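Fold and contact review
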Amino acid sequence: MGYRFDFGAVFDRAPELFWGSLGTLGLAFAGMLLALVIGILGVAARTSKTAWVRAPVIAFVEVVRNTPFLVQIFFIYFALPLMDIRLNPTVTAIIALGINGGAYAIEIIRGGVESISKGQIEAGFALGLHKTDVFRLIVLKPALRAIYPSLTSQFVMLTLTTSVCTSIAAYELTSAAQRIESDTFRSFEVYFTVTAIYLVISSLMMGIFALISRSYFNYPTR
């Protein structure tokens, strides 16, 4: 094999990879926040006793979970202008990530909510708590503690999914890598480096999530 590895061309473009990594983190955290909001609101509607409130949420979850993210982001990117709503690629990517992550978050959070015994909920009402306070204090926080590992794993997957956002020209790590590769023709070196960066980003996020877990979801054992 006569191929000679040359990472110098990649290291010369390190600032672009750095800003691309920040773009990935920005998309990821904004998408996670939107997904969490959609998840919580969706669970409140999903567990409603009213059928016409539950049905749209069930349909939303099924549609999103059974279609590729690439199709979803293209649909949003090209459908919104038909309604005279024109957003830049970054905002469109955040919306698509939030919708995708939100559908999975609804089912994950719902599993946690349904694990809370009815006795605890009835005790909350017996203490005179408002329905909103019962959901927030007695249902939601214990449920989040139970499903926190699954939810954070889904959010790490959402972070890696940001690479698909390059398909609509959103600026993130993969789009920066594509520009560098097209200029240097060093495909292996570029994507080997990008793979390492994604591993660092994933490890960093898992560390942040573990810190949050220790701070907010660890209860005294004695």
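Just so it is clear, the model here is predicted, and its values are computed rather than measured.

1. Examining the layout of surface pockets
Taken as a whole, the largest pocket encloses approximately 720 Å³ of empty space. Lining the largest pocket are 16 residues, and of these Thr-47, Ile-121, Lys-131, Phe-135 and Val-139 lie nearest its centre. When contributions to the lining of the largest pocket are tallied by element, the ones reaching two or more residues are helix H5 (89-114), helix H6 (118-126) and helix H7 (131-161). Looking at which element gives the most residues to the lining of the largest pocket, the answer is H7, with 5 residues. Looking at the lining of the largest pocket, its residues break down into 8 nonpolar, 3 polar and 5 charged. A volume near 340 Å³ is recorded for the second largest pocket. Surrounding the second largest pocket, 13 residues form its lining, Leu-36, Tyr-148, Leu-151, Phe-155 and Phe-209 being those nearest its centre. Contributions of two or more residues to the lining of the second largest pocket are made by helix H2 (14-46), H7 and helix H9 (187-216).

2. What about the environment of Met-206?
Secondary-structure assignment places Met-206 in helix H9. For the pair Met-206 and Thr-152, spaced 54 residues apart in sequence, the C-alpha to C-alpha distance is 7.7 Å.

3. What to know about a nonpolar patch on the surface
Together, Phe-29, Leu-204, Ile-208, Ile-212 and Tyr-216 make up an exposed nonpolar region whose accessible area comes to about 450 Å². The dominant element in the nonpolar patch, judged by the number of residues it contributes, is H9, at 4 residues. Along the polypeptide, Leu-204 turns up in helix H9.

4. So, the packing of helix H8 (residues 173-184) against H9
The axes of two packed helices give the description: the angle between them and the distance between them. Contact geometry of H8 with H9 gives a least axis separation of 9 Å together with a crossing angle of 165°. Here H8 lies roughly antiparallel to H9, going by the angle between them. The hand of the H8/H9 crossing is right-handed. Of H9, the residues touching H8 (which contributes Leu-173, Thr-174, Ala-177, Gln-178, Ile-180, Glu-181 and Thr-184) are Ser-187, Val-190, Tyr-191, Val-194, Ile-197, Tyr-198 and Ile-201. Class assignment for the residues of the contact of H8 with H9 results in 9 nonpolar, 4 polar and 1 charged.

5. Side note on the UniProt feature "domain: ABC transmembrane type-1" (unreviewed entry) in the protein
The UniProt feature table records "domain: ABC transmembrane type-1" (unreviewed entry) at residues 21-209. Overall, residues 21-209 shows 81% helix and 0% strand. The separation of its end C-alpha atoms is 18 Å.

6. Looking at unusual backbone geometry
One non-glycine residue, Ala-169, adopts positive backbone phi at about 70°. Here Ala-169 is to be found in the loop between H7 and H8. A positive phi angle, near 60°, is found at Phe-185, a position not held by glycine. Take Phe-185: it is sitting in the loop between H8 and H9. Of the residues examined, Phe-185 reaches a relative accessible area of 67% and is grouped as exposed.

7. Concerning H5
In this model, H5 (26 residues) spans 37 Å end to end at C-alpha, consistent with the 38 Å of a helix rising 1.5 Å per residue. You can read the cap of H5 off the contacts: a side-chain oxygen lies 3.0 Å from the backbone nitrogen of Thr-90, and it is on Asn-88.

Quick notes on the rules
Residues numbered from 1 in each chain as written. Predicted model: local features only at pLDDT ≥ 70, side-chain atom pairs only at ≥ 80, totals over all residues. Heavy atoms only, no water. 1 Å grid on protein atoms, 1.4 Å probe; cavity = no way out; pocket = protein on both sides within 12 Å on 5 of 7 lines; lining within 4 Å. Points joined across faces, edges and corners; volume = space filled by probe spheres on them. Helix = DSSP H or I, 4+ residues; strand = E, 2+ residues; numbered from the N terminus. Nonpolar A, V, L, I, M, F, W, Y, C, P; charged D, E, K, R; others polar. Patch = residues over 30% accessible without salt bridge, like charges linked within 9 Å, V, L, I, M, F, W, Y side chains within 5 Å. Areas by Shrake-Rupley, 256 points an atom, 1.4 Å probe, with all protein chains shown as cover. Salt bridge = Lys/Arg side-chain N within 4 Å of Asp/Glu carboxyl O. Axes fitted to C-alpha atoms, helices over the stretch in contact; angles between N-to-C directions. Parallel < 35°, antiparallel > 145°, perpendicular 65-115°, else oblique. Left-handed = near helix turned anticlockwise from the far one by under 90°. Contact = heavy atoms within 4.5 Å. UniProt positions renumbered as here; feature names shortened; annotations may be inferred. Buried < 20%, exposed > 50% of the residue type's maximum accessible area, 1.4 Å probe, protein only. Expected span 1.5 Å × (residues − 1). Polar contact = N/O pair within 3.5 Å; in protein donor to acceptor, adjacent residues only side chain to side chain.

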